[in-house]
Amino acid sequence: MHLATLSAVKLPNHSIKLMAIMLDELGADVEQALQQVGLTASDIEDPAALVTGLQEVEFQRAFMQQTPDQPEVWVDLGSRYRLLTHAHTDYGLLMSTAPTVDAAIKIGFNYGDLYYMLADAEGIFAEDGRQIGFRSLPVELPRDMRRFSALRDVGVNCTVFSELWGEPFPFDTVELPVPARDEPFVRRFLPDADLHFDSEFNRWRWSVRLDQRRPPHSDPVLHDYYRSACDRLLAAAHREGDLVDRVLTLLDESKGQDSVDYAARKLALSTRSLQRKLGDRGFSYRELAALARHRHACRLLLTTRHPVSRVALDTGYDNVSAFNNAFRRLSGVTPSQYRNGMAIA
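Rules behind the numbers
Residues numbered from 1 in each chain as written. Predicted model: local features only at pLDDT ≥ 70, side-chain atom pairs only at ≥ 80, totals over all residues. Heavy atoms only, no water. Helix = DSSP H or I, 4+ residues; strand = E, 2+ residues; numbered from the N terminus. Buried < 20%, exposed > 50% of the residue type's maximum accessible area, 1.4 Å probe, protein only. Lys, Arg positive; Asp, Glu negative; His and termini not counted. Salt bridge = Lys/Arg side-chain N within 4 Å of Asp/Glu carboxyl O. Arc of directions from axis to C-beta. Contact = heavy atoms within 4.5 Å. Phe/Tyr/Trp six-rings, centres within 6.5 Å; stacked < 30°, edge-to-face > 60°. Lys NZ or Arg CZ within 6 Å of the ring centre and 35° of its normal. Pairing = 2+ DSSP bridges. Axes fitted to C-alpha atoms, helices over the stretch in contact; angles between N-to-C directions. Parallel < 35°, antiparallel > 145°, perpendicular 65-115°, else oblique. Left-handed = near helix turned anticlockwise from the far one by under 90°. Nonpolar A, V, L, I, M, F, W, Y, C, P; charged D, E, K, R; others polar. 1 Å grid on protein atoms, 1.4 Å probe; cavity = no way out; pocket = protein on both sides within 12 Å on 5 of 7 lines; lining within 4 Å. Points joined across faces, edges and corners; volume = space filled by probe spheres on them.

**Thoughts on the side chain of Asp90**
Then, in step 1: Mapped onto the elements, Asp90 comes out in helix H6 (residues 89-96).
Then, in step 2: Although Asp90 lies buried, it forms no salt bridge, and the closest oppositely charged side chain, Arg232, sits 6.3 Å away as judged by the N-O distance.

**A look at helix H13 (residues 271-280)**
Then, in step 1: Of the positions making up H13, those classed as buried are Ser273, Leu274 and Leu278. Each buried residue of H13 sits inside an arc of 130 degrees when the element is viewed along its axis, so together they form one side. For H13, the exposed residues lying more than 90 degrees away from the buried face are Arg272 and Asp280.
Then, in step 2: Those residues of H13 that are buried lie in contact with helix H11 (243-253), helix H12 (260-266) and helix H14 (285-303).

**Topic: the environment of Glu175**
Then, in step 1: For Glu175, the location among the structural elements is in strand E5 (residues 173-175).
Then, in step 2: The spacing of Glu175 and Ser254 is 79 residues in sequence and 35 Å in space, taken between C-alpha atoms.
Then, in step 3: The residues contacting Glu175, other than those within four sequence positions of it, are His196, Ser199, Phe201, Asn202, Arg203 and Arg205.

**Observations regarding the environment of Met145**
Then, in step 1: Position of Met145 relative to the elements: it lies in the loop between strand E4 (131-137) and helix H8 (146-165).
Then, in step 2: The sequence separation of Met145 and Met64 amounts to 81 residues, and the corresponding C-alpha distance is 7.8 Å.
Then, in step 3: Ignoring sequence-local partners within four residues, the contact set of Met145 consists of Val57, Gln60, Arg61 and Met64.

**Quick word on the packing of aromatic side chains**
Then, in step 1: Summed over the entire model, instances satisfying the criterion amount to 17 aromatic pairs.
Then, in step 2: Measuring from ring centre to ring centre gives 5.9 Å for Phe323 and Phe327, while their planes differ by 65 degrees; the resulting arrangement is edge-to-face. You can see Phe323 and its partner Phe327 sitting in helix H16 (residues 320-331), four residues apart, about one turn around the helix.
Then, in step 3: Given a relative accessible area of 2%, Phe323 falls into the buried group.
Then, in step 4: Judged by its relative accessible area of 1%, Phe327 falls in the buried class.
Then, in step 5: Across from the ring centre of Tyr81, 4.8 Å away, lies the NZ or CZ of Arg152, which sits over that ring.
Then, in step 6: Above the face of the Trp165 ring, Arg213 is positioned so that its terminal group lies 4.1 Å from the ring centre.

**Examining helix H7 (residues 101-110)**
Owing to its 3.6 residues per turn, the α-helix aligns residues three or four sequence positions apart on the same side.
Then, in step 1: Across the 10 residues of H7, seven count as buried, placing the element largely inside the fold.
Then, in step 2: If you check which residues of H7 are buried, you get Val101, Asp102, Ala103, Ala104, Ile105, Ile107 and Gly108.

**Description of the pairing of strand E3 (residues 120-125)**
Then, in step 1: The pairing of E3 with E4 spans six bridges and is antiparallel. By the bridge assignment, Gly123 is partnered in E4 with Phe134.
Then, in step 2: Between E3 and E4, which pair antiparallel in sequence order, lie five residues; one of them, Gly129, sits at a positive phi of approximately 95 degrees.

**Observations concerning unusual backbone geometry**
Then, in step 1: A positive phi is found at Asp198, a non-glycine position, where the angle reads about 55 degrees.
Then, in step 2: Looking at the secondary structure, you find Asp198 in the loop between strand E6 (194-196) and strand E7 (202-205).
Then, in step 3: Under the relative-accessibility criterion, Asp198 is labelled exposed at 58%.
Then, in step 4: Notably, Ala268 is not glycine yet its phi reads approximately 60 degrees, a positive angle.
Then, in step 5: Inspection of the secondary structure assignment puts Ala268 in the loop between H12 and H13.

**Some remarks on the packing of H11 against H13**
Then, in step 1: Here H11 crosses H13 at 120 degrees, and the two axes come no closer than 10 Å. Judged by the inter-axis angle, H11 sits oblique to H13. Between H11 and H13 lies a crossing whose hand is left-handed. Here Leu243, Val244 and Val247 of H11 lie close against H13, whose contacting residues are Leu274, Lys277 and Leu278.
Then, in step 2: Of the residues contributing to the contact of H11 with H13, the split by class is five nonpolar, no polar and one charged.

**Some details on empty space enclosed by the protein**
Then, in step 1: Across all of its chains, the model carries one cavity of 30 Å³ or more by this definition.
Then, in step 2: Considering the residues around the largest cavity, the lining is formed by Met117, Ala119, Ser136, Pro138, Leu141, Ser149, Asp153 and Asn202.
Then, in step 3: The residue inventory of the lining of the largest cavity, partitioned by class, reads four nonpolar, three polar and one charged.

**Overview of the sheet that holds E4**
Then, in step 1: Overall, mixed pairing links the five strands, which are arranged E3-E4-E7-E5-E6 in an open sheet. Unpaired on one side and paired on the other, E3 and E6 mark the two borders of the sheet. Each strand axis lies, on average, 15 degrees off the axis of its neighbour in the sheet, ignoring direction.
Then, in step 2: Contacts from H7 reach E3 and E4 within the one sheet, and its direction differs from that of E4 by about 20 degrees.
Then, in step 3: Strands E4 and E7 of the sheet are contacted by H8, whose axis makes an angle of about 25 degrees with E7.

Written out as structure tokens, the structure is:
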């Protein structure tokens, strides 16, 4: 998922129901967790009920708060997801019917708005163009949720990749932005992988060829059908025009430079009303402007050879030091580390 469509995208309630079941098993207060996100027990009992992306993310936070510093629970939670429940059902079916495992993983990245987590994933490629891994960039993920997200996704990735592969997937190297004390919980699911902790990003690597393996349920006719279904879901989310989406669109056009007063006029709102409405969604205008500037900086770092000092100026910073600090706050790494980390392996 992404901030721009968080309130507009509609998702099945599978993930929230899965978390609620686990909270109940742990003796936690499920009702309180549901109330935090404006849901009731009937909302998760109905198998056809939908929730917003914002409710999904906020329930993840509620789950994390009710299981504080319990990494074994977070990894176990991830392992309970399946290919058809780790994201929108149509997204899972699109992946499962892909012509190759390689295509399935790339599709997962391209339709990330339908995945149950705020993160951007990018493939890692060898010089011959083969996909040999991926990295997950938590730029839009709240900092307090990053450890939970990384450990939950250990379970998710091991399960989903294995379902696509048809047997346990042979990951070679996994780098995680979590402390080394979490190794025992990670090692349960990755007994043979070379593990690294306290890294900048999530990085998962393999040496097997994904382009020579078909998922067990590969089907070209169904694949085309589910691609159309996913396209319709995303189009509907963008048409709804959530306020966060519209503000980010304005800020992306100005590379994060528009003032809140200017944005309010463009949206036919008072400045106070705009700030209040954003606050109701859990964001401030300043945070969204910083995100837009960050995204512009990322594009420049990846698509140009401009020195970091030039990128800093182009994104509105007076000096490199301020730019480095702001970039690190959002991504956890410096601009140079980001540029180098995104290079071809």
